[in-house]
Amino acid sequence: MNGFKQVEIQDLQFNPFTLIDKEWMLITAGNEQKCNTMTASWGGLGELWKHYVSFIFVRPQRYTLEFIEKEDYYSLCFFDESYRKALSFCGSHSGRDYDKCKETGLTPLFDEAAPYFAEAKMVLICRKLHKQPIDPAGFIDATIDATCYPEKDYHEMFVGSIEKVLVKA
């Protein structure tokens, strides 16, 4: 399976806070004809509605949002520290203007459901279950709006069922 093996999610051992916040992840959606990826450090993993799930948040102006909305699946790819420069590029440049794979040297692979990257150490293939815009009226802590949304560009939140977990073989 392209250097990966499928494992059960219950067998994984990691700190989700470090994995997402400190190490970052790539959110990727699309198909073999066209896909896009973006770096994210906001998100979550857990259990909801009898599924193991991921929670991702994508701003409306992000090019990747078009791909996530169009497809039924997306992937979350996690990398070791040696890919920090590539993840930084993917988080600061738009796929509308750059070929991120060409610029970073990342190699896209295509699962039957979602694209992911050969260089990842772990991949979660997720099926969308729910989408909802972040509504500022729901902020109980008023400082969130001022500190996280000065541009008032509220994220779209997606909840995805984790359908497959791949780790480097």
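Structure's up top.
Predicted model only: the values in this text are computed from it and were never measured. (Residues numbered from 1 in each chain as written. Predicted model: local features only at pLDDT ≥ 70, side-chain atom pairs only at ≥ 80, totals over all residues. Heavy atoms only, no water.)

Structural notes on the overall build of the chain
- The helix and strand inventory of the chain stands at five helices and ten strands.
- In summary, the chain has a C-alpha radius of gyration of 15 Å against a globular reference of 15 Å for 169 residues, a match within 12%.
- C-alpha extents for the chain along the principal axes are approximately 45 × 40 × 30 Å.
- Buried residues in the chain amount to 41% of all 169 residues. (Helix = DSSP H or I, 4+ residues; strand = E, 2+ residues; numbered from the N terminus. Rg over C-alpha atoms; globule rule 2.2 N^0.38 Å. Buried < 20%, exposed > 50% of the residue type's maximum accessible area, 1.4 Å probe, protein only.)

Considering the side chain of Glu71
- Mapped onto the elements of the fold, Glu71 is located in the loop between helix 2 (63-70) and strand 6 (73-78).
- The side chain of Glu71 is buried and forms no salt bridge, while Lys70, the nearest opposite charge, is found at 4.7 Å.
- The residues contacting Glu71, other than those within four sequence positions of it, are Gly30, Asn31 and Lys128. (Lys, Arg positive; Asp, Glu negative; His and termini not counted. Salt bridge = Lys/Arg side-chain N within 4 Å of Asp/Glu carboxyl O. Contact = heavy atoms within 4.5 Å.)

A word on helix 3 (residues 84-92)
- Buried within helix 3 are the following residues: Ala86, Leu87, Phe89 and Cys90. For helix 3, the angular spread of buried residues about the axis comes to 155 degrees, placing them on one side. Exposed residues lying more than 90 degrees from the buried face of helix 3 are Lys85 and Ser92.
- Buried-residue contacts for helix 3 involve strand 2 (25-30), strand 3 (35-40) and helix 4 (100-104). (Arc of directions from axis to C-beta.)

Digging into the nonpolar core
- Core analysis: the biggest nonpolar cluster contains 24 residues, and Ile27, Ile56, Leu76 and Phe78 have the highest contact counts within it.
- If you list the elements that add at least two residues to this core, you get helix 1 (16-22), strand 2, strand 3, strand 5 (51-58), helix 2, strand 6, strand 9 (122-133) and strand 10 (156-168).
- By size, the runner-up hydrophobic cluster in this structure holds 18 residues, among which are Ala86, Ala118, Ala120 and Ile125. (Core = buried A, V, L, I, M, F, W, Y, C linked by side-chain atoms within 4.5 Å.)

Looking at unusual backbone geometry
- One non-glycine residue, Trp24, lies in positive phi territory at about 70 degrees.
- Its relative accessible area of 24% is what places Trp24 among the partly exposed residues.
- Despite not being glycine, Lys152 shows a phi value in the positive range, around 60 degrees.
- Tracing the sequence through the fold places Lys152 in the loop between helix 5 (143-148) and strand 10.
- By relative accessible area, Lys152 is classed as partly exposed at 44%.

Describing the packing of aromatic side chains
- One pass over the structure, following the stated rule, counts eight aromatic pairs.
- Considering the side-chain rings of Phe139 and Tyr149, the 5.9 Å spacing of their centres and the 25 degrees angle between planes classify their relative orientation as stacked. Residue Phe139 is found in the loop between strand 9 and helix 5, and its partner Tyr149 is found in the loop between helix 5 and strand 10; the two are separated by ten residues along the sequence.
- Assessed through its relative accessible area of 21%, Phe139 is described here as partly exposed.
- Three or more aromatic residues link up through ring pairs in this structure, and these residues are Trp42, Phe139, Tyr149 and Tyr154.
- The ring of Trp24 has Arg84 sitting right over it, with the charged end atom 3.7 Å from the ring centre. (Phe/Tyr/Trp six-rings, centres within 6.5 Å; stacked < 30°, edge-to-face > 60°. Lys NZ or Arg CZ within 6 Å of the ring centre and 35° of its normal.)

Any link to function would need more than the numbers given here.
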